[in-house]
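# Remarks on the overall topology
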Amino acid sequence: MNYYPPCPEPNKVIGLTPHSDATGLTILLQVNEVEGLQIKKDGNWVSIKPLPNAFVINIGDILEIISNGTYRSIEHRATVNSEKERLSIATFYAPRYSAEIGPAPSLISKQTPALFKKIGVEEYFQTLFARELHSKSHLDTLRI
Ligand SMILES: O=C(O)CCC(=O)C(=O)O
Ligand SMILES: [Fe+2]
């Protein structure tokens, strides 16, 4: 759960730094329907307006790896509001710790070589948490 208190100077701070979710899929609820979530689309930050009773589904880095780049994880961030507090609940889905992540073998051929290295889930999360949250930089370390 994320809590963003109101901030009198919202342009001088960031609620949550730009990142892609490292997991497979994220189901996100913008709880009190205050705007703040933004995604990076064609180089620009675009606001995702909260819809009543609707979830936001984000593709994460693990799905980008498994689909060998067909599904791209989305870079996003959260801004703060000058008057209103904001709450969001994110649930992250990922493979079990003992599994291995890599491009699905059925997607790999001479014409479509693997774009990512294979890595165990445990090592994947250990290296993730040893880094600063920054853009898609963790996924970039696994590119071939
Ligand atoms: O607060 C939000 O809308 C985004 C939260 C988020 O990106 C996260 O928890 O990974
Ligand atoms: Fe996120």
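Just above, that's the structure.
First things first, this report covers the structure right here in the doc. Just so it is clear, the structure is predicted and the values come from calculations on it, not from any experiment.

Let us look at the sheet that holds strand S8 (residues 86-93). Spatial ordering of the open sheet is given by S1-S8-S3-S6, a layout of four strands whose pairing is antiparallel. This sheet does not close on itself; its edge strands, each paired only once, are strand S1 (2-4) and strand S6 (55-59). When strand polarity is set aside, the average angle formed by the axes of neighbouring strands in this sheet is 25°. Alignment of strand S3 (residues 25-30) against S8, held across six bridges, turns out to be antiparallel. Note that in S8 the partner of Leu29 across the bridge is Ile89.

Among the secondary structure elements, Leu87 is positioned in strand S8. Using a relative accessible area of 19% as the deciding quantity, one classes Leu87 as buried. Separated by 58 residues in the primary sequence, Leu87 and Leu29 place their C-alpha atoms 8.6 Å from one another. Ignoring anything within four residues of it in the chain, the contact list for Leu87 reads Met1, Asn2, Tyr3, Leu29, Gln30, Val31 and Asn32.

This paragraph deals with the layout of surface pockets. Within this model, the largest pocket holds a volume of roughly 480 Å³. In this structure, the largest pocket is lined by 27 residues; those nearest its centre are Leu16, His19, Asp21, Phe92 and Leu133. Of all the secondary-structure elements, those providing two or more residues to the lining of the largest pocket are S1, strand S2 (16-19), S3, strand S7 (76-78), S8 and helix H2 (121-129). For the lining of the largest pocket, the element with the most residues is S8, which contributes four residues. Looking at the lining of the largest pocket residue by residue, the classes come out as 14 nonpolar, eight polar and five charged.

Those protein atoms acting as donors to the iron ion (ligand 2) are His19 (NE2), Asp21 (OD) and His76 (NE2), and they sit at 2.1 to 2.2 Å. Here the donor residues of the iron ion (ligand 2) share one chain and are spaced in sequence as H-x1-D-x54-H. Linking Asp21 in the loop between S2 and S3 with His76 in strand S7, this pair joins segments that are 55 residues apart in sequence. Neither residue differs from the other here; Asp21 and His76 are each classed as buried.

The rules behind these values
Residues numbered from 1 in each chain as written. Chains lettered and ligands numbered in written order. Predicted model: local features only at pLDDT ≥ 70, side-chain atom pairs only at ≥ 80, totals over all residues. Heavy atoms only, no water. Pairing = 2+ DSSP bridges. Helix = DSSP H or I, 4+ residues; strand = E, 2+ residues; numbered from the N terminus. Axes fitted to C-alpha atoms, helices over the stretch in contact; angles between N-to-C directions. Buried < 20%, exposed > 50% of the residue type's maximum accessible area, 1.4 Å probe, protein only. Contact = heavy atoms within 4.5 Å. 1 Å grid on protein atoms, 1.4 Å probe; cavity = no way out; pocket = protein on both sides within 12 Å on 5 of 7 lines; lining within 4 Å. Points joined across faces, edges and corners; volume = space filled by probe spheres on them. Nonpolar A, V, L, I, M, F, W, Y, C, P; charged D, E, K, R; others polar. Donors = N, O, S within 2.8 Å, 3.2 Å for Na, K, Ca; no water.

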